[in-house]
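Here are the chains, one letter per residue:
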4 protein chains.
Amino acid sequence: MIRAGIIGATGYTGFELARILGRHPAVTVQFATSQSQAGRLLSDVYPAAPPLRLVAQEEAALGEVDVLFLCLPHGVAAPVAETALAAGVRVVDLSADFRLKDPAVYAAWYGQEHPAPHLLAGAVYGLTEVARPALRTARLVANPGCYPTSVLLALRPLLEAGAVGGTIIADSKSGVSGAGRAPRQDTHFVEVANNFSPYKIGRVHRHLPEMEQGLRCWQADPPPLIFSPHLLPVPRGILSTIYVPLNNGWSEGALRALYQETYADEPFVKVLPAGTLATLAHANHTNLCVIALTLAGDMLILTSAIDNLVKGAAGQAVQNMNVMFRLEEVRGLVE
Amino acid sequence: MIRAGIIGATGYTGFELARILGRHPAVTVQFATSQSQAGRLLSDVYPAAPPLRLVAQEEAALGEVDVLFLCLPHGVAAPVAETALAAGVRVVDLSADFRLKDPAVYAAWYGQEHPAPHLLAGAVYGLTEVARPALRTARLVANPGCYPTSVLLALRPLLEAGAVGGTIIADSKSGVSGAGRAPRQDTHFVEVANNFSPYKIGRVHRHLPEMEQGLRCWQADPPPLIFSPHLLPVPRGILSTIYVPLNNGWSEGALRALYQETYADEPFVKVLPAGTLATLAHANHTNLCVIALTLAGDMLILTSAIDNLVKGAAGQAVQNMNVMFRLEEVRGLVE
Amino acid sequence: MIRAGIIGATGYTGFELARILGRHPAVTVQFATSQSQAGRLLSDVYPAAPPLRLVAQEEAALGEVDVLFLCLPHGVAAPVAETALAAGVRVVDLSADFRLKDPAVYAAWYGQEHPAPHLLAGAVYGLTEVARPALRTARLVANPGCYPTSVLLALRPLLEAGAVGGTIIADSKSGVSGAGRAPRQDTHFVEVANNFSPYKIGRVHRHLPEMEQGLRCWQADPPPLIFSPHLLPVPRGILSTIYVPLNNGWSEGALRALYQETYADEPFVKVLPAGTLATLAHANHTNLCVIALTLAGDMLILTSAIDNLVKGAAGQAVQNMNVMFRLEEVRGLVE
Amino acid sequence: MIRAGIIGATGYTGFELARILGRHPAVTVQFATSQSQAGRLLSDVYPAAPPLRLVAQEEAALGEVDVLFLCLPHGVAAPVAETALAAGVRVVDLSADFRLKDPAVYAAWYGQEHPAPHLLAGAVYGLTEVARPALRTARLVANPGCYPTSVLLALRPLLEAGAVGGTIIADSKSGVSGAGRAPRQDTHFVEVANNFSPYKIGRVHRHLPEMEQGLRCWQADPPPLIFSPHLLPVPRGILSTIYVPLNNGWSEGALRALYQETYADEPFVKVLPAGTLATLAHANHTNLCVIALTLAGDMLILTSAIDNLVKGAAGQAVQNMNVMFRLEEVRGLVE
């Protein structure tokens, strides 16, 4: 059995992680921490949760775990990762702290010096489908952001094929759990219900540099990217509608073959048949990224759906753990 | 033109009041205050609001208004009312400060000494339909709570007729705006959506003594009352399902006649025809209290719907103002 | 492996059943039928479903299954049950056809002669927690209605203890999936969203005689029952707020002890600790019935939550199957 | 007083129109028709509606009205318009029948021959802000589609200025009332809630040729247009996020000046200040089109919000009527 610890179990991501690990047949959760709720049960916070006792972070016994999951805000996660690594514990960090390879880019977008720049080189960006070899030996995994997961998996085949002919536009829509569990005016039920709101559109959201770094893995000088997130009045799920001008005469058949070939053996990427579009209902409460292709002249429109808390966070974290510990990749992730 | 001021215009009740007064043909809003948003426009807070300039409470010129509406928390409202009354301004207080006649009851339920007990005797409890004579000369009006409005208007004919034969149960369901606009964990979109929650059920909600006081206006020794509020995943509206054991052989026809007679001339109380039940859709965005009668043996089931922000707060406040200033009662309240 | 068949797999109940059976470690689904969608995959109807091939009912090979689940309208289910029983297949019927023991009551409430009255005597009413001995050998199980499940499990300890002193009122609220999947005006998104509606309140809903029959199992001459269902703007879940006048001086401690004793060993009934109330979030997506006790004078207020599609339908059907086939009762029902 | 008739008052658009006209100070509604509900009151269908008696279409006395509003499906509206025009009644048609100038385009997109092609030349496309001179004398007005209204008003200044440098992408999101009131599987509450779905994306939705025709009014050979509608889990409102590559060095200041100048005197077009984005909350329950500008390099991102039932249908119809009858344009449309 793999012994796991969760730092920060009472946010939406931490709770989803506790839920998934709690039923994972090859994992035992040794501890789950919460600063605000230490001493209580996770089921006091989430009625449907297992009765897991929450402890303060200081009480977390790193010596008892093989892997530590960090569900902490950026800036706060890095020092904890450093401590855990020093104690010989492998780390899956769900914050943004180790996603960007260049500490200058981190500083520019997150408004602070990187807390542990010496760890960046060794961190593996855990978009599982493209990171498996590195994951197997990784000590520190940077779990991707939710929006980047939905956008990068959809774009990857095109970039690898050199098919993109101009500016890419990702018009993304996310459920409210993506904004976190701390009460804020803009997540108040009355503000969100019946509404729909764009925010940080263009080139100003922090997930943009993460996506651009991802694109550069597949194409040296990738085309520009515009990214427009919107807040949906639903608890969970992301749908990205992505507009890609193609650079030469791609037929729908050739595109479909490209995607099916790329993802033929992937358990968690599903390419929909022609005539179907991705919706939240395709992916919610699963670890799937569901992708559909629609060709309009020389513009390819991708619709890509994930559950932001599963494939966009806790599910992919467990998928990464499975690879790190040589478990079957789908363990604990399919019912 | 009646010159009005609003203290606390950025909560849901204050905003609804600003909206209603803003289009009232016989009213000018002289000022609207906000502590947190002073200097900004109301439309900065509510996109669809009129561009009303918000001022700090200290800047509110009491000398410029005929009537002051208080949309403040209990305990905070009373001293402001006192100042306004001293300045010769008539006051409609939407807080709970002047609803309970007995300061000891106030202290027991609100956990503090009453801030201005000498004003209680002169305050008029503004359930408009039963308070008109007193309202005409009132200097200080205590606007009723939302739940009590939906329950008292539904029960009044039975109490006046001495028809109640046992414990009354009011099972009420309210939209989230009733919980106020300040962000809290339990009004977070993700916590409320897809959920439905009872809270403070039995005999522990602060609106219970207000209802019991109301019942005593119609019957010296009214039957016991059980009150169970629930939180609905909707922005607004209250539906109360009220169970009343009748004390002798009332026929449905006699009951219906009783209600129709009681409310025949009321512009804002609507008794539904037989076979119809009240729903939120009957009352939302109106100043109506919509009541339906269902007889099951000797148990009368009342369904009573109001918009908690209109008839349950701002609308009734304006209805009261109309009576106070001898305007037509429906002015500014019907489109 | 138990070989199961599903008749009517594309309604909400049928789909939930297919989902549960699809991951049940001791069951293989031999076939799933649909009249309107025969030839397609279940995943064509529900994006997140497994790719189960739907067949016409005529193609269902009864000889290949040990148990048949009927997710059909009342009146239609009984003849299919008859055929299956004749073929030696055990049947779990999720319709109302075999719930009422008295065919005259069935005729009065369902507006038609009972289609197979000779089968009524042998049918077991499958409220699992009280039916286990009979279930083990049952050939035909009548799976309880959703509302009755939430109400009967909550009331059972009181009836068994002879504690009820007067008319019981069950004020129940259900999500929209309880109304079925066929499009109707009153389940249109625009009609339901932001609304909340009582319907068939008092003593006119078809689940009333089913509840009364249940009460008579525990007390010869049970007190009258008033039942008021309401439609909640959520996809799933039932919360029943039940008012029970107690017949003598029950303390909260004694009541709590009564419930804890009754349900101490039940895997799917959860009695909440003092100070907590049941909400939809406690039960949704689980097979639990979650019950809380609140005492207000001599009135006990029960709040009882289930997922109408799980414990209120498909989950309890599988729980019953587990008992029928001597499997561990929680198999396939806890993750 | 202008005497108006409504053909088809029980759909969402017809009801909204009845509501607006019912409070319009210069209009009397002479009749409102409904095939399915003739003889009943509009308030039987919509609880909050005025008690307007519905008549069968055959009983509608054309001689009694000055203007007739058609809220009918395409194909059905045109013959009614023809009859009304012949009777000397001016017509505002809210269907698609007279929006497309070219009957061949109509036939290609709507799958049938145009029912009254001889009327097309005289029909005025009623995007009010650009059609006023023609509206004043129009006998037949084709009220624009909801999506085209949100997109065309947002794009107009750019087209007029010749500023567009490449393919325009309109990623639009609409509330469910846009799909009509007839019950369908895809508007069932359970299917829509918690979901978000693209549909007919690319160049296949019937509003595309309408938008392209509109663009050609401002630029002879407009750039290509991609249009991707999505279904939002809200009752009403459209937000279009529109991506426009600019053809030369436009600064944000110059763009803002362009929009402010174009729409300076428009009562129902609101250009938001810098740093603000349009949301549904800006426009719902108003006749406004609210537009915000965001520049990202040489890509202008427009966010444009309307209420699909008001500015996108009934409100604009009344705005057009006001112009046709030389009333103040805002009459009946601002509270």
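Thresholds applied
Residues numbered from 1 in each chain as written. Chains lettered and ligands numbered in written order. Predicted model: local features only at pLDDT ≥ 70, side-chain atom pairs only at ≥ 80, totals over all residues. Heavy atoms only, no water. Helix = DSSP H or I, 4+ residues; strand = E, 2+ residues; numbered from the N terminus. Rg over C-alpha atoms; globule rule 2.2 N^0.38 Å. Buried < 20%, exposed > 50% of the residue type's maximum accessible area, 1.4 Å probe, protein only. Contact = heavy atoms within 4.5 Å. Areas by Shrake-Rupley, 256 points an atom, 1.4 Å probe, with all protein chains shown as cover. Least-squares fit on C-alpha atoms with pLDDT ≥ 70 in both. Phe/Tyr/Trp six-rings, centres within 6.5 Å; stacked < 30°, edge-to-face > 60°. Lys NZ or Arg CZ within 6 Å of the ring centre and 35° of its normal. Domains from an automatic or database assignment. Buried area = accessible area lost by both parts, 1.4 Å probe. Salt bridge = Lys/Arg side-chain N within 4 Å of Asp/Glu carboxyl O. Polar contact = N/O pair within 3.5 Å; in protein donor to acceptor, adjacent residues only side chain to side chain. Nonpolar A, V, L, I, M, F, W, Y, C, P; charged D, E, K, R; others polar. Disulfide = S-S within 2.5 Å. Axes fitted to C-alpha atoms, helices over the stretch in contact; angles between N-to-C directions. Parallel < 35°, antiparallel > 145°, perpendicular 65-115°, else oblique. Left-handed = near helix turned anticlockwise from the far one by under 90°. Core = buried A, V, L, I, M, F, W, Y, C linked by side-chain atoms within 4.5 Å. Pairing = 2+ DSSP bridges.

### Some words on the overall build of chain A
When helices and strands are tallied, chain A shows 11 helices and 14 strands. Over its C-alpha trace chain A gives a radius of gyration of 19 Å, about what one expects of a compact globule, namely 20 Å for 335 residues. Seen through its C-alpha atoms, chain A measures out along the principal axes to roughly 60 × 45 × 40 Å. Every one of the 335 residues in chain A was classed for burial, and the buried ones make up 64%. Counting contacts in chain A only where the partners sit at least 6 residues apart, residues at least 24 apart contribute 67% of the total. In the structure as shown, chain A presents an accessible area of about 11,000 Å², 53% of it carried by carbon and sulfur atoms.

### Re the relation of the copies chain A and chain C
Superposing chain A onto chain C requires a rotation of 180° together with a translation of 0.0 Å along the rotation axis, leaving an RMSD of 0.0 Å. Such a combination of turn and shift is consistent with a two-fold rotation axis. Residue by residue, 100% of the interface of chain A is reproduced at the interface of chain C, so both copies engage with the same surface.

### So, the packing of aromatic side chains
Under the definition given, this model contains 20 aromatic pairs over all chains. Here Tyr106(B) and Tyr110(B) contribute two aromatic rings whose centre-to-centre distance is 5.0 Å and whose plane-to-plane angle is 25°, an arrangement assigned as stacked. A residue pair is termed a helical-turn pair when its members lie 3 or 4 positions apart in one helix, as Tyr106(B) and Tyr110(B) do in helix 4 (residues 103-110) at 4 residues. Residue placement shows Arg90(A) over the ring face of Phe325(A); its charged tip is 4.8 Å from the ring centre.

### Notes on the domain arrangement of chain A
Note: interface size is frequently given as the accessible area lost on complex formation between the parts. All names here are of chain A. As assigned here, chain A comprises domain 1 (2-144 + 312-324) and domain 2 (147-307). Listed per partner, the contact involves 23 residues of domain 1 and 26 residues of domain 2. Taken together, the two surfaces of domain 1 and domain 2 that pack against each other cover about 2,100 Å², and 53% of this comes from carbon and sulfur. For the pair domain 1 and domain 2, the number of links is 3 salt bridges. With its nearest N and O atoms 3.5 Å apart, the salt bridge here joins Arg99 to Glu210. On the surface where domain 1 and domain 2 come into contact, there are 13 residue pairs in polar contact (both at pLDDT 80 or more). Every element with two or more residues in the side of domain 1 that touches domain 2 is listed here: helix 1 (12-22), helix 4 (103-110), helix 5 (128-137) and helix 11 (310-324). For the side of domain 1 that touches domain 2, the element with the highest residue contribution is helix 11, accounting for 4 residues. Looking at the side of domain 1 that touches domain 2, its residues break down into 11 nonpolar, 7 polar and 5 charged.

### Description of the interface of chain A and chain C
The interface is formed by 9 residues belonging to chain A together with 9 residues belonging to chain C. Interface area for chain A against chain C, summed over the two sides, is near 900 Å², with a carbon-plus-sulfur share of 52%. Taken together, the links from chain A to chain C amount to 0 salt bridges. Counting across the chain A and chain C interface gives 1 residue pair in polar contact (both at pLDDT 80 or more).

### Observations concerning the interface of chain A and chain D
Counting from both sides, the interface comprises 35 residues of chain A and, opposite them, 35 residues of chain D. Together, the buried faces of chain A and chain D total about 2,600 Å²; carbon and sulfur atoms form 74% of this surface. Ranking the residues of chain A by area buried against chain D places Phe196(A), Ile201(A) and Tyr243(A) at the top, with a combined share of 20%. Our count for the contact surface shared by chain A and chain D stands at 2 salt bridges. Inspection of the region where chain A meets chain D yields 16 residue pairs in polar contact (both at pLDDT 80 or more). Residue composition of the side of chain A that touches chain D, by class: 19 nonpolar, 12 polar and 4 charged.

### A word on the environment of His207(A)
Residue and element names in this part refer to chain A. Relative to the elements of secondary structure, His207 occurs in helix 8 (residues 207-218). It is 9.3 Å that separates the C-alpha atoms of His207 and Trp109, two residues lying 98 residues apart in sequence. With sequence-adjacent residues up to four places away left out, His207 is seen in contact with Arg99, Gly145, Cys146, Tyr147, Pro148 and Phe227.

### Some points on the state of the cysteines
Every disulfide links exactly two cysteines, by a covalent bond between their sulfur atoms. Residues and elements named next belong to chain C. Tallying each qualifying case throughout the model produces 0 disulfides over all chains. The structure places no disulfide on Cys71, whose sulfur is separated from the nearest cysteine sulfur, that of Cys146, by 13 Å. Among the cysteines around Cys289, which has no disulfide bond, Cys146 carries the closest sulfur, lying 12 Å off. On the basis of relative accessibility, which here comes to 0%, the residue Cys289 falls in the buried class.

### So, the packing of helix 6 (residues 146-160) of chain A against helix 8 of chain A
Residue and element names in this part refer to chain A. Direction vectors running N to C along helix 6 and helix 8 enclose 25°, while the axes themselves pass 9 Å from each other. Taken as axis vectors, helix 6 and helix 8 run roughly parallel relative to one another. Of the two elements, helix 6 crosses helix 8, and the hand of that crossing is right-handed. Residues Cys146, Tyr147, Pro148, Val151, Leu152, Leu155, Arg156, Leu159 and Glu160 of helix 6 pack against His207, Glu210, Met211, Gly214, Leu215 and Trp218 of helix 8.

### Describing the nonpolar core
Core analysis: the biggest nonpolar cluster contains 229 residues, and Phe69(A), Phe69(B), Phe69(C) and Phe69(D) have the highest contact counts within it. Excluding its chain neighbours within four sequence positions, the residues that come into contact with Phe69(D) are Ala4(D), Gly5(D), Ile6(D), Ile7(D), Leu17(D), Leu21(D), Val92(D), Leu94(D), Ala317(D), Val318(D) and Met321(D).

### Overview of the environment of Leu300(D)
All names here are of chain D. Summarising the element assignment, Leu300 is placed in strand 14 (residues 299-306). For Leu300, a relative accessible area of 0% gives the class buried. Expressed as a C-alpha distance, the spacing of Leu300 and Ile242, which sit 58 residues apart in the sequence, is 8.0 Å. Beyond its immediate chain neighbours, meaning those up to four positions away, Leu300 contacts Leu158, Ile242, Tyr243, Val244, Leu246, Leu255, Tyr259, Leu293, Thr294 and Leu295.

### Topic: unusual backbone geometry
At Arg326(B), a position not held by glycine, the phi torsion is positive, near 55°. As for its position among the elements, Arg326(B) is in the segment after helix 11 (310-324). For Asn194(C), which is not glycine, the phi torsion reads 70° and is therefore positive. Judged by its relative accessible area of 25%, Asn194(C) is partly exposed.

### Quick word on the environment of Leu225(B)
Residues and elements named next belong to chain B. Along the chain, Leu225 falls in strand 10 (residues 225-231). Residue Leu225 is classed as buried on the basis of its relative accessible area of 0%. Measuring from C-alpha to C-alpha, the distance between Leu225 and Leu208 comes to 7.8 Å, with 17 residues separating the pair along the chain. Those residues in contact with Leu225 that sit more than four places away from it in its chain are Ile168, Gly202, Arg203, Leu208, Met211, Glu212 and Leu215.

### Some thoughts on the relation of the copies chain A and chain D
Screw-axis analysis of chain A against chain D gives a translation of 0.0 Å along the axis, an RMSD of 0.0 Å, and a rotation angle of 180°. Most of the interface of chain A is mirrored in chain D, where 100% of its interface residues are also at the interface.

### Comments concerning the sheet that holds strand 11 (residues 238-245) of chain C
Residues and elements named next belong to chain C. If you walk across this open sheet you meet the 7 strands as 9-10-8-11-14-13-12, and the pairing is mixed. Strand pairing shows two members of the sheet lacking a second neighbour, strand 9 (197-198) and strand 12 (269-271), which therefore form its edges. With 7 bridges joining them, strand 8 (residues 168-174) and strand 10 (residues 225-231) adopt parallel strand pairing. Within strand 10, the position partnered with Ser172 by the bridge is Pro229.

### Considering the pattern of salt bridges
Under the counting rule described, the total for this entry stands at 64 salt bridges over all chains. Glu191(D) is paired through a salt bridge with Arg181(C); the nearest N and O atoms lie 3.5 Å apart. One end of the pair, Glu191(D), is in helix 7 (residues 189-192); the other, Arg181(C), is in the loop between strand 8 and helix 7 (189-192), on a second chain. Take Glu191(D): its relative accessible area is 22%, and that puts it in the partly exposed class. Residue Arg181(C) is classed as buried on the basis of its relative accessible area of 15%. When salt bridges with common partners are traced through the structure, they connect Glu16(A), Arg19(A), Arg236(A) and Asp307(A) into a single cluster.

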